[in-house]
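Read off the chains here:
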Amino acid sequence: MGKRSRSQSQLLSTLTKKQKKHLRDFGEEHPFYDRVSKNEVKPQICQLSESSDSSNSESESESEPEQVSGYHKLLATLKNVSEEEDEEEEEEEDSVADDNEMSDDDGDSDAHVKGEEPVTESAEVQDSKYAEVSADPEGRDGEEPPGTSQKTPEEFTDAKHEPLFSLETNFLEDRSGEDSPPEASQDPFVQHVNKDLKEKEIQALPTNPKTTHQLKWPVLGQLVFSSKFQELETFKPPKNIDLKSLHLQKPLESTWTKTNSQFLSGLQKSNGLFTPLQKELFLIMNSYRDLFYPERTALKNGEEIRHVYCLHAMNHVLKANTQVLGNNSKRRSQKLGAGDDDDFRDQGLTRPKVLIVVPFREAALRVVQLFVSLLEGDSKKKIIVSNKKRFQGEYGSDPEERPPNLKRPEDYEAVFVGNIDDHFRIGVAVLQRSIRLYAPFYSSDILIASPLGLRTIIGGEGEKKRDFDFLSSIELLILDQADIYLMQNWEHVLHLMNHMNLLPLDSHGVDFSRVRMWNLNNWAKYYRQTLLFGALQDAQINSVFNKYCANFQGQVAVRNVPMTGSISHVLAQLPHVFQRMEVENLAAVIDARFNFFINKILPQYRDAVMSHTLIYVPSYFDYVRLRNYFKKEELNFTHICEYTQKAGVSRARHFFLQGEKQFLLLTERFHFYKRYTIKGIRNLIFYELPTYPHFYSDVCNMLRVSSRGEEAAWTCTVLYSKYDAQRLAAVVGVERAAQMLQSKKSVHLFITGEK
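Just so it is clear, the model here is predicted, and its values are computed rather than measured.

Quick notes on the rules
Residues numbered from 1 in each chain as written. Predicted model: local features only at pLDDT ≥ 70, side-chain atom pairs only at ≥ 80, totals over all residues. Heavy atoms only, no water. Helix = DSSP H or I, 4+ residues; strand = E, 2+ residues; numbered from the N terminus. Contact = heavy atoms within 4.5 Å. Areas by Shrake-Rupley, 256 points an atom, 1.4 Å probe, with all protein chains shown as cover. Buried < 20%, exposed > 50% of the residue type's maximum accessible area, 1.4 Å probe, protein only. Pairing = 2+ DSSP bridges. Axes fitted to C-alpha atoms, helices over the stretch in contact; angles between N-to-C directions. Parallel < 35°, antiparallel > 145°, perpendicular 65-115°, else oblique. Left-handed = near helix turned anticlockwise from the far one by under 90°. Nonpolar A, V, L, I, M, F, W, Y, C, P; charged D, E, K, R; others polar. Polar contact = N/O pair within 3.5 Å; in protein donor to acceptor, adjacent residues only side chain to side chain. Core = buried A, V, L, I, M, F, W, Y, C linked by side-chain atoms within 4.5 Å. Phe/Tyr/Trp six-rings, centres within 6.5 Å; stacked < 30°, edge-to-face > 60°. Salt bridge = Lys/Arg side-chain N within 4 Å of Asp/Glu carboxyl O. pLDDT = per-residue confidence, 0-100. 1 Å grid on protein atoms, 1.4 Å probe; cavity = no way out; pocket = protein on both sides within 12 Å on 5 of 7 lines; lining within 4 Å. Points joined across faces, edges and corners; volume = space filled by probe spheres on them. Expected span 1.5 Å × (residues − 1).

**Some words on the overall build of the protein chain**
Phase 1 of the analysis: Scanning the protein chain from N- to C-terminus turns up 28 helices and 18 strands.
Phase 2 of the analysis: Considering only residue pairs separated by 6 or more positions, the protein chain has 75% of its internal contacts joining residues 24 or more positions apart.
Phase 3 of the analysis: Accessible surface for the protein chain amounts to roughly 38,200 Å². Of this, 49% is attributable to carbon and sulfur atoms.

Listed below in C-alpha cells is the structure:
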C-alpha cells in the first residue's frame, strides 16, 4: 500500500492545477492528457456514405462553425471557477482546438488526394475506392496501365460494386418481360450455343474437304461461303427486315434507332433500322458465321461498321447474361445447390465472352461510348458507368496537343485521330443496365485491347508472369482495322490467335455443373465467331481467316476484285517499268528478290547520272538487309525508317534533295506513320509492291513536288512475282494483272500523266 500511495503522490505532483481540478471533479484525467505510443499511426481513409457530398467538403469546412467537443460542453457547465483558471482553460481550449484542426486538415487533405468524387446514381459514378485504389485491368498481373503513373495493387478489388456485377450472386429481376431470357425457338443465339456437335464430326474435320459456294449480294458484292463441316447453308438478304426477326435483346430494340440515326437518311429512318451495308453485315453476324470484310475504310464506312458490330456484341452479351440470371432464379426457386442439376449449362470456363481488338485507344473509347449509348438510348434514366472519369482521362485526347499547321491526307487524319497509344487493355462488365469499366478480366464480359496490350499479358514460352486463361471461353472475336496491325506488329496477332480458346490452367472458381459440354470438351474454337474487318485484301490477313476460323456455322468472305488500280491516280508523267522475278516457291521469294535487285536493278542506277534515287521498301527486314549491303559496298546513300530520330530524318531529306546522297532507302511504315513528302526524287524503285494500293500513287506523285524541268528523265521500276498477285491487281487492276502474270514477257511498261 505504501508503494501505491507513493506512486499516486508522484503522479499528482506532475499534474497541473487544472488537471488536479479535473481529477477532483470527474474522478479521472482528461483524455487529452492520455499517454499514447510515440509510434506514428498512418491516417485511415473512411468510406463515405452515399448521401454524403465529399466534393463540397472543402468549401463546407470553411463556412461551417467548428464542432464543439464534449470536453468544451462540460467546461461550460462549471460556474464556480476562478478567473485565473478561466484564462488557463481558454489557453488549453485554443491548444486543443489547434490540434483538432491540424488533425482534421490532415484528414481532409488526405481524403481529397485519395478520393475524387462522391458516389452518385448518375452516369458519372466515381466511387471513392476507385480513385483511391488504382484499378488493375486484369486483376491478376498488377501491371501499371500505360499512360498512368499511379501504382497498381496486386489485385483490383471493388467491394462496393462486385456484388452488383457478379453473375453468380444475381438473379433475373421481374420487369414484366423486359429482360426475359431468349426463347429457344428461332433465336440464332440459342440455336448456336445449344447446338450439339458429335465427336465423329470433330474427328473428321482434318480430312474433310472445304466446300465453297459463291453468291452476289446487292451491297457487299461477291461473297464466298465456305465450311469444313458437312452442311453448307447459304442465304440471300431479304428486302425488308422485321424487327422481331432480328431477336434483339431489350433495351436494344429501342436504343438502336437513336444510336444509329446519324447514318440514316429521312427515307431510311422511316423504312428501316440499318443502312444497306449495315443490314447485310448484321444478317451475316446474326447468323453467327465468321466474316471477313476487306473494304472497311476510316474515311467512308468505318464508323458505320463499328456501330453494327457493337450492336451484335452487346446483343450477344445481354442474351448470355440474361440466360445465366434466369437460370439462377430457377435454381433458387427449386432450391438447388451447386452440382444438383445438369440442365442449367449456360456458361463457359471463364466469364469473358467477347474480345474486341482495336489498334488505338481512340477506337476503344468510341466502342465504350457506343455500348453506353446502346444501353441508355433516349431514356431519361442514366445508366451507371463505373470509373467513367478515369476512362475518359486515360483514353481521351486533348485537341490542343495536335500541331495546328499539320497538313496530312484525309485518310491519315481519319486513322490517326484522338489518342493513338497502341498499348492498352480494359475489361468491361455489363449487368442490369450498368457498365463497369476497368473490371478484372475474370469478372468481365467484354475485353477491349490492342495486340500489343494482349501480347504483354499473354507472355511467351518460359516467362513466369503470363496469363491467357481469360481467352479460353471467348465466343465472339472482333478484329477491327486489321490492316493497321500489319503496320504495327503482325506477330502479336498470330500470337493471340495461337492462344485463343485453350483449356485454362486454373479453374478460377467456376461451377462446372453450369459449364457447357462443348467448353468442357475443348471444342470452343468450333463455336467461336470471328469478325475480321480491314481495308485491303492481304495474304497475311487471308491466312489468319483461313487458318484460325473454324466455326461450325461456316465462313463468309467478301471477295470483290479491283477493276481499276491505284496507278490511275498517278498524275506525274512517268514511265512505270514492272519487272517480274521468276520464283520456284513462296519460301524463296525473299532471297530471290534481293538477288534480283542487286544483280539486275542496282547496276543500272550506280551511275552518277542516275542520282536522286528513292528505294521504297515495305518490309523492315528487307530494309535492314539492303542497308547493310549498301554500307558494305560503300555506296553513297542515306536511309529513313520508322525508328529514325527527327533530326536524322531532316538531315537525310536535306542530303537527298541537294544530291549529296545518291540513294535514299525509305520504309513503308515510316510513310504510313509520318506521310512526309520527299523532295528531289527523279528515279523511283519499288523494291516490293506497297501494302496499301494508294501508297503507290502517293509516292509517284512526290516527283511533281520539286520538278525543275527534268520530267523527261524520270523513271519508275517495280519488282513483283507471281505471289504478289493481290497487290499487283490493286495497283494495275485485275485484268492487267492477270495478263502480266500469264505473259511470257517478264517486263511490262505503263505510262501515266499523258496529256
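**Some words on the pairing of strand β17 (residues 715-720)**
Phase 1 of the analysis: Across the six residues that make up β17, a large majority, five, are buried.
Phase 2 of the analysis: Both strand β12 (residues 574-580) and β17 contribute to a ladder of five bridges, which runs parallel. Paired with Gln-579 across the bridge in β17 is Leu-719.
Phase 3 of the analysis: For strand β16 (residues 683-686) and β17, the ladder comprises four bridges, and the chain directions are parallel. Each bridged residue has a counterpart across the sheet, and for Phe-686 the counterpart in β17 is Val-718.

**Comments concerning the sheet that holds strand β13 (residues 613-617)**
Phase 1 of the analysis: Pairing within the open sheet is mixed, and its seven strands lie in the order β14-β15-β13-β16-β17-β12-β18. Both outer strands of the open sheet, β14 (637-640) and β18 (747-752), are each paired with one neighbouring strand and no more. In this sheet, adjacent strand axes meet at a mean angle of 20 degrees when their direction is disregarded.

**Some remarks on the packing of helix α17 (residues 451-458) against helix α19 (residues 490-498)**
Phase 1 of the analysis: Packing of α17 against α19 leaves a shortest axis separation of 9 Å and a crossing angle of 55 degrees. The angle between the axes of α17 and α19 places the two elements in the oblique class. Two packed elements cross with a definite hand, and for α17 against α19 that hand is left-handed. Contact residues: Pro-451, Leu-452, Leu-454, Arg-455 and Ile-458 in α17; His-492, Val-493, His-495 and Leu-496 in α19.
Phase 2 of the analysis: The residue makeup of the contact of α17 with α19, split by class, is six nonpolar, two polar and one charged.

**Quick look at the environment of Glu-475**
Phase 1 of the analysis: When you line up the elements, Glu-475 lands in the loop between α17 and β9 (476-479).
Phase 2 of the analysis: If we skip the residues at most four places from it in the chain, Glu-475 touches His-316, Lys-353, Arg-516, Trp-518, Tyr-527, Arg-528 and Gln-529.
Phase 3 of the analysis: Side-chain polar atoms of Glu-475 contact the side chain of His-316, separated by 2.6 Å.

**Remarks on the nonpolar core**
Most often, soluble globular proteins keep nonpolar side chains buried together rather than apart.
Phase 1 of the analysis: In terms of nonpolar packing, the biggest core is built from 77 residues, with Leu-355, Leu-471, Phe-578, Phe-686 and Tyr-696 touching the most fellow members.
Phase 2 of the analysis: Leave out the neighbours within four places in its chain, and Phe-686 touches Tyr-616, Tyr-696, Val-699, Cys-700, Cys-716, Thr-717, Val-718 and Leu-719.
Phase 3 of the analysis: Within the second largest apolar cluster, 59 residues are counted, among which are Leu-246, Phe-391, Phe-424 and Ile-478.

**Notes on the packing of aromatic side chains**
Phase 1 of the analysis: A full pass over the atoms with the stated rule returns 35 aromatic pairs.
Phase 2 of the analysis: Relative to Phe-750, the ring of Phe-578 has its centre 5.3 Å away and its plane inclined at 80 degrees; by these criteria the two rings are edge-to-face. Taken together, the positions of Phe-578 in strand β12 and Phe-750 in strand β18 put the pair 172 residues apart, joining distant regions of the chain. For the pair Phe-578 and Phe-750, a shared accessibility class is recorded, and that class is buried.
Phase 3 of the analysis: For the ring pair Phe-630 and Phe-637, a centre distance of 5.3 Å and an interplane angle of 80 degrees mean the geometry is edge-to-face. Across the pair, exposure class does not vary: Phe-630 and Phe-637 are buried alike.

**As for the pattern of salt bridges**
Phase 1 of the analysis: Following the criterion strictly, the structure yields 21 salt bridges and no others.
Phase 2 of the analysis: Arg-361 is the salt-bridge partner of Asp-421, the closest N and O atoms lying 2.7 Å from each other. One end of the pair, Asp-421, is in the loop between α16 (410-415) and β6 (425-431); the other, Arg-361, is in helix α14 (residues 361-376), and 60 residues separate them in sequence.
Phase 3 of the analysis: In this structure Asp-421 comes out as partly exposed when scored by relative accessible area, which is 26%.

**Notes on the confidence of the model for the protein chain**
Phase 1 of the analysis: Mean pLDDT over the protein chain stands at 80; residues scoring 70 or higher make up 74%.
Phase 2 of the analysis: Below a pLDDT of 50 lies the segment residues 36-43, which in the model reaches zero contacts outside its immediate sequence neighbourhood of four places, other chains included.

**Topic: the layout of surface pockets**
A probe matching the size of a water molecule, rolled over the atoms, marks out where space remains unfilled.
Phase 1 of the analysis: Here the largest pocket is characterised by a volume of approximately 1,600 Å³.
Phase 2 of the analysis: Thr-297, Ala-535, Tyr-692, Pro-693 and His-694 are the residues nearest the centre of the largest pocket, which is lined by 49 residues in total.
Phase 3 of the analysis: Elements with a contribution of two residues or more to the lining of the largest pocket: α16, α18 (482-488), α25 (668-674), α26 (693-700) and α27 (725-732).
Phase 4 of the analysis: Classifying every residue of the lining of the largest pocket gives 22 nonpolar, 15 polar and twelve charged.
Phase 5 of the analysis: Counted as a void, the second largest pocket has a volume near 1,300 Å³.

**Section: helix α22 (residues 589-605)**
Phase 1 of the analysis: Taking 1.5 Å of rise per residue, the 17 residues of α22 would be expected to cover 24 Å, and the 23 Å separating its terminal C-alpha atoms lies within 8% of that figure.
Phase 2 of the analysis: Looking at α22, one finds that the buried residues are Val-589, Arg-593, Phe-594, Phe-596, Phe-597, Ile-598, Ile-601, Leu-602 and Tyr-605.
Phase 3 of the analysis: Buried residues along α22 sit against β12, β13, α23 (620-632), β15 (663-667), β16 and β17.

**Some words on the sheet that holds β6**
Adjacent strands of a sheet form backbone hydrogen bonds with each other and so pair up, either parallel or antiparallel.
Phase 1 of the analysis: If you trace the eleven strands from one edge of the open sheet to the other, you get β1-β2-β11-β3-β10-β9-β4-β8-β6-β7-β5, paired in mixed fashion. Every other strand in the sheet has two partners, leaving β1 (211-217) and β5 (384-386) as the edge strands with one partner each. Within the sheet, the average angular offset between the axes of one strand and its neighbour, ignoring direction, is 15 degrees.
Phase 2 of the analysis: Of the strand pairs in this sheet, strand β3 (residues 290-293) and strand β10 (residues 529-533) are connected by three bridges, and their pairing is parallel. In the sheet register, Tyr-293 faces β10, and the bridge partner there is Phe-533.

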